[in-house]
Structure formats: structure tokens, C-alpha cells
Amino acid sequence: MYGRGTCDMKAGAAANLAVLRTLHAAGVRLERPLALHFVVGEEDGGLGAFATLRRGHIGEAAVITEPTSAKILTATAGALTFRIEVAGRSAHGSMRKEGVSAFEAFLPIHAALMGFEAERNRDPDPLFVGEVPYALSVGMVTAGEWSSNVPDRLVAEGRFGVQIGEDPRLARARFEDVVNEVAVKDPWLRENRPIVTWPGGQFASGSTDADHPLIGEVSTAVAATGGAHPPLAAGVYGSDLRLYTGIGGIPTLHYGPGDIADAHAPLEKVDLDQLVQVTRALTVLALRRCGTLG
């Protein structure tokens, strides 16, 4: 099925709802409670999950149905939203040497950040589902007010990957150090320092112990419904997993339909056979973990 959000993560939501509908239609009465959390704001820091957990909606284990290509993800990297403001000096485009282009002043900063990204991604853990687990990506750049002016201001915004176990405060400091190192070596930037701020989503990393019983329980539920035992992996993106493990103290993993490569992408899609397989496995998992009343 193709469409915006089919992979990330309407398919996962549909799987969860189908589990409840199946149990209800079969007249199953669970011995222990089963709860679904449909929360807002995961893409921008997870305030929905945060508020839900703070209100006391917790459990003994959690499965988040993010798209994992039916793999079991036991850990996710973090991600921080950054903004860099670079000053220039305006001048008429025909007299550009009389001004200082904020765009050109940003270029060595960008080059240094790409080098920083490469340094942080040497020898990545093979569990990661991606070649650059801690990506640093500039998503938006705005500069200038008129095509015939030298731009006197540039604003770049993007996301910065946090390593597993890394304190986000330390990650931000390392990022800012890279920008400052460029500034002190450049005559213009030394006197007109770039400003780094951190708006938007701020995701720490998160993980569940690789030997936690929940992992085996999900794996055997998949096998019981005709699938192969899923391989273990780690996610390259920030998610609510770190809130459930960190704030809620709940062992949590990701297992869901769809490929993360299709998320936020043109022709976003999900394999419906995979959706059905995931739903069956989650139904068995719910029955086994919650038990049934006679």
C-alpha cells in the first residue's frame, strides 16, 4: 500500500488496533491488562509519550510498532535539532567584494560538520540499520532577501545524531566546539561569531538489555505465527523508546511493519503481507504475556 504515513507509522497503528479487535471479536478476556498508547509529538521530541508516562500509564513491557522491516530493534540513537545563525555584511551584488556573504561564511562550517559526522561514525556497530547511524543533516537553509544583494544573514537548521549512551548535553557541547573552532580561524567569523541554538526535538538515545526476556518472547511469537526468528538491530533515529525505558523504566523494543528507508520518502509504502505477519505475532505476544481467563 502506498501513501503518506503508510510506513511511518499508520501501519504500526493499524497493527495495534487489529490486535485489540481480534481479541475482542474472539471473546478473549485477558488476565492482565493490555494498553495501547496513541500519542502525539513523537517526531518533535515526544511530549505525548512524556505526558502519558507522567500521568502514570506504565507497564511491565512495551513494543513500539515503528517500521523495522520486521526486525527487533533493542536500541535507538538520539537526535538533536540545531540552528546555526551566521552573520554577513550586505552589499550590492555587483560590488560583492564590498560585502561579506553569510552563505560563503557558512561553507567552512558545513565542511567541518561533515568531517565531524565522519569522525563520529567510524566503525559503526553492525547492529545499526544504516551506514551512518549518527547522521548530521542540514535540512533547511535560508539566506538573503534579494537576488542582487550579498546576503547578510544565513540560518541553517538540521538534525544531529546522538550516540548510544552519550549525554545530549555533551553532544551539544561537541557540536558547538566544532563551530567555534572554525570561527576562531576565520577573520570574519572570529569577530562575528555564529550563534548555535537548539530548538525543536531533542532525543536522547535509548536501549533495552540484549538479554531481556521480552526480546525472546517477541521472537518466539513471530516463529509461532509462521515467520522466521527476527534478527536484532539498532535504529539510527530518535524515538519514544528512550522515554519508555528512561522515564517509565519499562523494557521496550521496536517491532513493526515497513522499512525505515520508506519513511518520509516519495512513494512511501508498506508491505501488507508484512503488516499481517506483525499483527499475528503481536496478538500471540499479547495472549502469552497477559494470559487469559477461563
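Described below are features of the structure shown in this document. Keep in mind it's a predicted model, so treat the numbers as computed, not measured. (Residues numbered from 1 in each chain as written. Predicted model: local features only at pLDDT ≥ 70, side-chain atom pairs only at ≥ 80, totals over all residues. Heavy atoms only, no water.)

A few points about the overall build of the protein
Then, in step 1: Counting its regular elements, the protein contains 8 helices and 10 strands.
Then, in step 2: Burial status across the protein gives 44% buried among its 294 residues.
Then, in step 3: Look at the contacts in the protein between residues 6 or more apart in sequence, and 78% of them connect residues 24 or more apart.
Then, in step 4: Both charge centroids of the protein, one from 27 positive and one from 34 negative side chains, sit 3 Å from each other. (Helix = DSSP H or I, 4+ residues; strand = E, 2+ residues; numbered from the N terminus. Buried < 20%, exposed > 50% of the residue type's maximum accessible area, 1.4 Å probe, protein only. Contact = heavy atoms within 4.5 Å. Lys, Arg positive; Asp, Glu negative; His and termini not counted. Charge placed at Lys NZ, Arg CZ, Asp CG, Glu CD.)

Concerning helix H3 (residues 102-120)
Then, in step 1: Helix length check: H3, at 19 residues, gives a terminal C-alpha distance of 27 Å against a target of 27 Å (1.5 Å per residue), a fit within 8%.
Then, in step 2: Among all positions in H3, only Ala-102, Ala-105, Phe-106, Ile-109, Leu-113, Phe-116, Glu-117 and Arg-120 are buried.
Then, in step 3: In this structure, the buried side of H3 is in contact with strand E3 (78-87), strand E4 (136-143), strand E5 (153-162), helix H4 (168-185) and helix H5 (187-191).
Then, in step 4: Measuring from the side-chain oxygen of the N-cap residue of H3 to the backbone nitrogen of Phe-103 gives 3.2 Å; that N-cap residue is Ser-101. (Expected span 1.5 Å × (residues − 1). Polar contact = N/O pair within 3.5 Å; in protein donor to acceptor, adjacent residues only side chain to side chain.)

Details of a nonpolar patch on the surface
Then, in step 1: Together, Leu-47, Phe-50 and Ile-247 make up a nonpolar patch on the protein surface, roughly 290 Å² of accessible area in all.
Then, in step 2: Mapped onto the elements of the fold, Ile-247 is located in the loop between helix H7 (241-246) and strand E10 (252-254).
Then, in step 3: Assessed through its relative accessible area of 41%, Ile-247 is described here as partly exposed. (Patch = residues over 30% accessible without salt bridge, like charges linked within 9 Å, V, L, I, M, F, W, Y side chains within 5 Å. Areas by Shrake-Rupley, 256 points an atom, 1.4 Å probe, with all protein chains shown as cover. Salt bridge = Lys/Arg side-chain N within 4 Å of Asp/Glu carboxyl O.)

A few points about the pattern of salt bridges
Then, in step 1: This model, assessed by the stated rule, comprises 12 salt bridges.
Then, in step 2: The closest approach of N and O atoms between Arg-174 and Glu-166, which form a salt bridge, is 2.5 Å.
Then, in step 3: Given a relative accessible area of 34%, Arg-174 falls into the partly exposed group.
Then, in step 4: The partner of Arg-289 in a salt bridge is Glu-217, with the nearest N and O atoms 2.5 Å apart.

Quick word on the nonpolar core
Then, in step 1: Residues Ile-84, Val-86, Ile-109, Leu-113, Phe-160, Phe-175 and Leu-189 are the most contacted members of the largest nonpolar core, which totals 26 residues.
Then, in step 2: Those elements that provide at least two residues to this core are E3, H3, E5, H4 and H5.
Then, in step 3: If sequence neighbours within four positions are ignored, Ile-84 has contacts with Phe-106, Ile-109, Leu-113, Leu-154, Val-155, Ala-156, Phe-175, Val-179, Pro-194, Ile-195 and Val-196.
Then, in step 4: Grouped together as the second largest cluster of nonpolar side chains are 21 residues, Leu-214, Ile-215, Val-222 and Leu-285 included. (Core = buried A, V, L, I, M, F, W, Y, C linked by side-chain atoms within 4.5 Å.)

Describing the packing of aromatic side chains
Two numbers describe a pair of aromatic rings. These are the distance of the centres and the angle of the planes.
Then, in step 1: Here the structure, examined in full by the defined rule, presents 6 aromatic pairs.
Then, in step 2: Measuring from ring centre to ring centre gives 5.4 Å for Phe-128 and Tyr-134, while their planes differ by 75 degrees; the resulting arrangement is edge-to-face. Like Tyr-134, Phe-128 is buried.
Then, in step 3: Judged by centre distance (5.1 Å) and plane angle (50 degrees), the rings of Phe-160 and Phe-175 are tilted. Of the two residues, Phe-160 is situated in strand E5 and Phe-175 in helix H4; the sequence distance between them amounts to 15 residues.
Then, in step 4: Its relative accessible area of 1% is what places Phe-160 among the buried residues.
Then, in step 5: The exposure class of Phe-175 is buried, given its relative accessible area of 0%.
Then, in step 6: Ring pairs connect the aromatic residues Phe-82, Phe-116, Phe-160, Phe-175 and Trp-198, which therefore count as one cluster. (Phe/Tyr/Trp six-rings, centres within 6.5 Å; stacked < 30°, edge-to-face > 60°.)

Section: the side chain of Asn-121
Then, in step 1: Position of Asn-121 among the secondary structure elements: in the loop between H3 and E4.
Then, in step 2: Under the relative-accessibility criterion, Asn-121 is labelled buried at 11%.
Then, in step 3: At 2.8 Å, the side chain of Asn-121 and the backbone nitrogen of Tyr-134 are in polar contact.
Then, in step 4: Other than its neighbours up to four places away in sequence, Asn-121 contacts Val-132, Pro-133 and Tyr-134.

Concerning helix H2 (residues 47-54)
Then, in step 1: Listed in full, the buried residues belonging to H2 are Gly-48, Ala-49, Thr-52 and Leu-53. Seen from one end, H2 has its buried residues packed into an arc of 125 degrees, which puts them on one side. Away from its buried face by more than 90 degrees, H2 exposes Leu-47 and Arg-54. (Arc of directions from axis to C-beta.)

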